[in-house]
Amino acid sequence: MKFAAIEDARSFLEQNPDIDMFELFILDANGVPRGKLLHREELLAVYESGRPLPSTILGLTVHGEDVENSGLVWDVGDIDCRAYPLPGSLVRLPWRQIPTAAVQVSMHPQQGMPASIADPRHLLINVIERLKAEGYHPVMACELEFYLLDARRDGNGRPQPALDADGGRPRHTQVYGLRELEQIEPFLADLYSACKLHGIPARTAISEYAPGQVEITLEHGDALEAMDQAVRYKRLVKAVAHKHGMQATFMAKPFDHLAGTGMHMHVSLADAEGRNLFASEDPAGTPLLRTAIGGMLASLLDSLLLFCPNANSYRRFQANSYAPLAPTWGVDNRTVSLRVPGGPAPTRHVEHRICGADANPYLAAAAILAGIHRGIKDNLDPGEPVQGNGYAQAKELLPTDWLTSLTALENSAWARDALGQDFLGVYLAVKRAEYRQFMAEVGEQDWRWYLTEA
């Protein structure tokens, strides 16, 4: 585990004498940033000796409530656990009225116990290190979709797309529409500016398959760094939208009649010199790529809760919607769950299309890479790629309910080995508590507008 040097903080303070406050945050299992607001004079101590945070901070529900059987509450007396800053995470927040900066922290492996076992970033690091020990260096990138909503609800109290710059409200899909991007140009300009300031490589923007839906791609790179960027990017999107009087949501399916919102994860493996081990003139890639796909497919059901963590997540799985429906793969085919995009041989990789945008990037990436590792170790064959309409050819469908994926992860011997019993104990306690609360509050009622996303 690599933490930031105190020289980083000293240099930042010297270059930013106007900064008065610092947001210290850590990401919990649901992808919710939690932490404290510190004063300027408190920052150096965080770098020198860490910051104590209660053990419960990594065992909360999406609504911020304790989960008593997580092992992080009464059993340990809600003990203080020390977290330290991550390199490159100390940055200004230019939209704040009070001059403020943010710094991301992670639990120290020893000083952060027992909460460190539930730190999602630790889980990803462990999976990456196992792959690297065998000569495989994972490379990843995120494509994150989101909706820009009006801060005000419609006459029925439901969410609605944000107003365009010309005062109109988008009503039509207009996928790939350039006018739609022009209408949100002030938001995009501030978002790209914030991403540049934060070192986040935000690239192509497109108008997605619904009114008010946007996608911006992030550049590929080292898997851990790429997921750090995805985590911080989601915070920027929400904060910049708020500045512009809008609400950005990464909810998987906020509208019953409109497209769902996904987080497409692009993944490949490189050698120690950075050469792509999936690269091949064959559009289907190398034998290593095929075994990686075999492992991801074999682990899909056991991992699904990490890809689709909320009740609403499963409403995204619909035929002819560009969302996944079955454990399938194909070459340059958007009707399957695992797509090998076209392009030059050195760019060969897999696009994992299963995650909702509400997933925690650290946990989703850990499950994807653990599945790849399984495929390599067991030399798993994914079968022939789907050609044509994958929806029409689907024989085995993905579960469409939260409880099935909860049960699958609970009963998975592979997950206990690949992801760790300690982490799963906390995570499953949290998700079970959320499921019980959901059923008690919502049950069989119309829950389409139940917003549970980070």
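Right above here is the structure, for reference.
Notes on the structure in this doc start here. Predicted model only: the values in this text are computed from it and were never measured.

**Observations concerning the nonpolar core**
- Counting residues in each nonpolar core, the largest one holds 102 residues, and the members touching the most others are Leu148, Phe187, Tyr233, Met265, Phe307 and Leu369.
- Ranked by residue count, the leading element in this core is helix H6 (residues 223-243), at twelve residues.
- Once you skip the residues sitting within four places of it in the chain, Leu148 turns out to touch Pro161, Ala162, Ile184, Phe187, Gly212, Val214, Ala241, Met246, Gln247 and Ala248.
- Ranked by size, the runner-up nonpolar core spans 27 residues in total, among them Phe12, Leu38, Cys81 and Leu90.

**Quick word on the packing of aromatic side chains**
- For the structure shown, the criterion picks out nine aromatic pairs.
- With a centroid separation of 6.0 Å and an interplanar angle of 90°, the aromatic rings of Tyr314 and Phe317 are classed as edge-to-face. There is no split in this pair, since Tyr314 and Phe317 are both buried.
- Ring centres 5.7 Å apart and planes at 75° place the aromatic pair Trp402 and Tyr435 in the edge-to-face group. On the criterion of sequence distance, the pair formed by Trp402 in helix H11 (residues 402-410) and Tyr435 in helix H13 (residues 421-441) is long-range, its members being 33 residues apart.
- Classification of Trp402 by relative accessible area gives buried; the value is 7%.
- With a relative accessible area of 16%, Tyr435 lands in the buried category.
- Here the aromatic cluster, defined as three or more aromatic residues joined through ring pairs, consists of Phe146, Phe187 and Phe250.

**Looking at the side chain of Thr261**
- On the secondary structure map, Thr261 appears in the loop between strand E11 (246-249) and strand E12 (263-270).
- On the basis of relative accessibility, which here comes to 0%, the residue Thr261 falls in the buried class.
- Within the local environment of Thr261, its side chain forms a polar contact with the side chain of Gln213, the two groups lying 3.3 Å apart.

What counts as what
- Residues numbered from 1 in each chain as written.
- Predicted model: local features only at pLDDT ≥ 70, side-chain atom pairs only at ≥ 80, totals over all residues.
- Heavy atoms only, no water.
- Core = buried A, V, L, I, M, F, W, Y, C linked by side-chain atoms within 4.5 Å.
- Buried < 20%, exposed > 50% of the residue type's maximum accessible area, 1.4 Å probe, protein only.
- Helix = DSSP H or I, 4+ residues; strand = E, 2+ residues; numbered from the N terminus.
- Contact = heavy atoms within 4.5 Å.
- Phe/Tyr/Trp six-rings, centres within 6.5 Å; stacked < 30°, edge-to-face > 60°.
- Polar contact = N/O pair within 3.5 Å; in protein donor to acceptor, adjacent residues only side chain to side chain.

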